[in-house]
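Structural description and commentary
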Amino acid sequence: MQPTEELFRDDATLAECDATVLAVETDGGIVLDRTVFYPQGGGQAGDAGELLATDGRRVAIADTRKHPEHPGVVVHRAAEGADLSWLAPGTAVRAAIDVARRQAHRRFHSATHLLCALVPQPVDGCSITAGYARLDFHMTEPLDKDLLGAGLARLVAEARPVHTRWISEDELDANPQLVRSMSVQPPRGQGRVRLVEIEGLDLQPCGGTHVANTAEIGAVVVTKIEKKSAKTRRVVLGFADT
């Protein structure tokens, strides 16, 4: 099965695209030739949304995942009970994401990179959803909730540009310090790795969706700090306006 063209990798603001159905699997998974839907990975939840036909028929997409057997293939998971009878290989559709959900993912994901700049310790766990984000840091020292909250507010207000670029796998091997995560390693096998850079602050491999400027993150708050184990400190983030 051919790899899916992942349009979100280079432009996280794309909300929809025209696509062609390549396969409809028995478990309700739909494979397209191209997509704006981000598949769950790197701690970030998958996108939801819908597929629309020119005649008005539509299928709600509840989640997006990587294909378990075919690397590079994105599977759009239809909502339970959805009518897929009109979908077949060759069907033209409009793939449209839930923009509010994506925007929350973008804001939270970039906020976790700010956290990495404030807490220069390895990360051994991560979860980014539309309702909260959390990072688990491999460390023994306590963290101060108020200091972290103030630091995040300062970095958001600095309105630092956020860029993405690609490097070769050989370049990454020559710079292993770029990898902050102990639990999730950059995907290999395509010859290149995507970097996300917050200007003058943070640079690390990441395939997720991000804002273009830290000011777009808005007001985030540290809702909880937990000691998960002797060597793990968990930081949970929320939006101040929710």
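Residues numbered from 1 in each chain as written. Predicted model: local features only at pLDDT ≥ 70, side-chain atom pairs only at ≥ 80, totals over all residues. Heavy atoms only, no water.

For clarity, the cut-off: UniProt positions are given in the numbering used here, feature names are shortened, and annotations may be inferred rather than shown by experiment.
Per an unreviewed UniProt entry, the protein chain is named Alanine--tRNA ligase, and its organism is Rubrivivax benzoatilyticus. Its UniProt record gives the protein chain a comment under Subcellular location (unreviewed entry), which states: "Cytoplasm".

1. Points about the pattern of salt bridges
Rules: Salt bridges are defined as contacts in which a side-chain nitrogen from Lys or Arg sits within 4 Å of a carboxyl oxygen from Asp or Glu. Counting from the N terminus, the helices are the DSSP runs of H or I reaching at least four residues and the strands are the DSSP runs of E reaching at least two. Relative accessibility decides the category of a residue: with a 1.4 Å probe and only protein chains considered, values under 20% of the type maximum give buried, values over 50% give exposed, and everything between is partly exposed.
For the structure shown, the criterion picks out 15 salt bridges. As a salt-bridge pair, Arg-102 and Asp-47 come within 2.5 Å of each other at their nearest N and O atoms. Of this pair, Arg-102 sits in helix α1 (residues 99-118) while Asp-47 sits in the loop between β4 (34-35) and β5 (49-52); the two residues are 55 residues apart in sequence, bridging distant segments of the chain. Across the pair, exposure class does not vary: Arg-102 and Asp-47 are buried alike. For Glu-197, the salt bridge goes to Arg-165, with nearest N and O atoms at 2.9 Å.

2. Regarding the packing of aromatic side chains
Quick reminder of the rule: Note on aromatic contacts: the rings of Phe and Tyr and the six-membered ring of Trp form a pair at centre separations within 6.5 Å, being stacked when their planes are under 30 degrees apart, edge-to-face when over 60 apart, and tilted otherwise. Geometrically, a lysine NZ or arginine CZ counts as sitting over a ring once it is within 6 Å of the ring centre and also within 35 degrees of the ring normal.
For the structure on display, the rule yields two aromatic pairs. Both rings, one in Phe-8 and one in Tyr-38, keep their centres 5.4 Å apart while their planes meet at 70°; by these two values the pair is edge-to-face. Taken together, the positions of Phe-8 in the loop between β1 (5-6) and β2 (16-24) and Tyr-38 in the loop between β4 and β5 put the pair 30 residues apart, joining distant regions of the chain. Each of the two residues, Phe-8 as well as Tyr-38, counts as buried. On the numbers, 3.8 Å between centres and 10° between planes, the contact of Phe-108 with Phe-239 is stacked. Of the two residues, Phe-108 sits in helix α1 while Phe-239 sits in strand β15 (residues 232-239), which places them 131 residues apart along the sequence. Take Phe-108 and Phe-239: they sit in the same class, and that class is buried. For Arg-107, the ring lying beneath its charged end belongs to Phe-239, and the centroid distance is 3.8 Å. The cationic tip of Arg-192 hangs over the ring face of Trp-166; the distance from NZ or CZ to the ring centre is 3.6 Å.

3. What about the packing of α1 against helix α2 (residues 145-157)?
Helix packing geometry: the angle between the two helix axes and the distance between the axes. Where we set the bar: Note on geometry: axes are C-alpha line fits, over the in-contact stretch for helices, and angles between N-to-C directions span 0 to 180 degrees. The crossing is said to be left-handed when, going from far helix to near helix, the turn is anticlockwise and less than a right angle, and right-handed when the turn is clockwise. Here, two residues are considered to be in contact whenever any of their heavy atoms come within 4.5 Å of each other. Gly is placed with the polar residues, together with every amino acid not listed as nonpolar (Ala, Val, Leu, Ile, Met, Phe, Trp, Tyr, Cys and Pro) or charged (Asp, Glu, Lys and Arg).
At a minimum axis separation of 10 Å, α1 and α2 run at an interaxial angle of 115°. Along this stretch, α1 crosses α2, giving a crossing that reads as right-handed. Across the interface between the two elements, Ala-111, Leu-114, Leu-115 and Leu-118 of α1 pack against Leu-148, Gly-151, Leu-152, Arg-154, Leu-155 and Val-156 of α2. Considered class by class, the residues forming the contact of α1 with α2 number eight nonpolar, one polar and one charged.

4. Section: the sheet that holds β15
Quick note on the threshold: Here the rule is simple: two strands pair whenever DSSP picks up at least two bridges between them.
Taken together, the four strands give an open sheet; going across it, the order is β9-β10-β15-β14, and neighbouring strands pair in antiparallel fashion. Of all the strands in the sheet, the pair left with one neighbour each is β9 (123-128) and β14 (220-229). Averaged over all pairs of adjacent strands, the angle between strand axes in this sheet comes to 15°, irrespective of strand direction. In the packing of α1 onto the sheet, the strands contacted are β9, β10 (133-138), β14 and β15, and the crossing angle to β15 comes to about 140°. Against the sheet, α2 contacts β14 and β15, and its axis sits at roughly 140° relative to β14.

5. Describing the sheet that holds β5
Taking strand neighbours around the barrel as the criterion, the six strands line up as β2-β3-β7-β6-β5-β8 in a closed arrangement whose pairing is antiparallel. On average, adjacent strands in this sheet sit at an angle of 45° to one another, irrespective of strand direction. Across four bridges, the pairing between β5 and strand β6 (residues 58-66) is antiparallel. Bridge pairing in β6 links Gly-49 to Ile-61.

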